[in-house]
Amino acid sequence: MTDPQNEIEPLENRHAVTHPSLCQAMGRKYQLGNLKRIEPTKDPILKWDCVFEGEQTSFEDDRNG
């Protein structure tokens with residue numbers, strides 16, 4: 001029997017989109033890896049969370065820095 005307190009949760013990388021069909025395109029464009037699932041959000045514009053395997057990434061704008 002496994003002890004649930006000793007189990008390590010896999011890392012998840014989340015990014016919001018306006019339509020669920022954009023998750024696959026985002027994953028390919030930014031090489032985010034395996035798409036685990038798509039979840040609804042409560043945001044009126046970014047209505048869906050694309051959940052990828054792996055460490056959280058960000059899309060910071062470095063053009064002015």
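These numbers come from a predicted model, not from an experiment.

(A) Spatial organisation of the sheet that holds strand S2 (residues 35-40). If you walk across this open sheet you meet the three strands as S1-S3-S2, and the pairing is antiparallel. Unpaired on one side and paired on the other, strand S1 (12-17) and S2 mark the two borders of the sheet. Taking each pair of neighbouring strands and ignoring which way they run, the sheet shows an average axis angle of 25°. Two elements, S1 and strand S3 (residues 48-53), share six bridges in a ladder whose sense is antiparallel. Following the sheet pairing, Asn-13 is matched in S3 by Phe-52. This element, helix H1 (residues 22-29), spans S1, S2 and S3 of the sheet and lies at about 125° to S1.

(B) The side chain of Asp-49, seen in detail. Looking at where Asp-49 falls in the secondary structure, it is placed in strand S3. Note on Asp-49: relative accessible area 17%, which makes it buried. With sequence-adjacent residues up to four places away left out, Asp-49 is seen in contact with Arg-14, His-15, Ala-16, Arg-37, Ile-38, Glu-39 and Thr-41.

The rules behind the values
- Residues numbered from 1 in each chain as written.
- Predicted model: local features only at pLDDT ≥ 70, side-chain atom pairs only at ≥ 80, totals over all residues.
- Heavy atoms only, no water.
- Pairing = 2+ DSSP bridges.
- Helix = DSSP H or I, 4+ residues; strand = E, 2+ residues; numbered from the N terminus.
- Axes fitted to C-alpha atoms, helices over the stretch in contact; angles between N-to-C directions.
- Contact = heavy atoms within 4.5 Å.
- Buried < 20%, exposed > 50% of the residue type's maximum accessible area, 1.4 Å probe, protein only.

Read these as layout, nothing more, since geometry by itself doesn't imply function.
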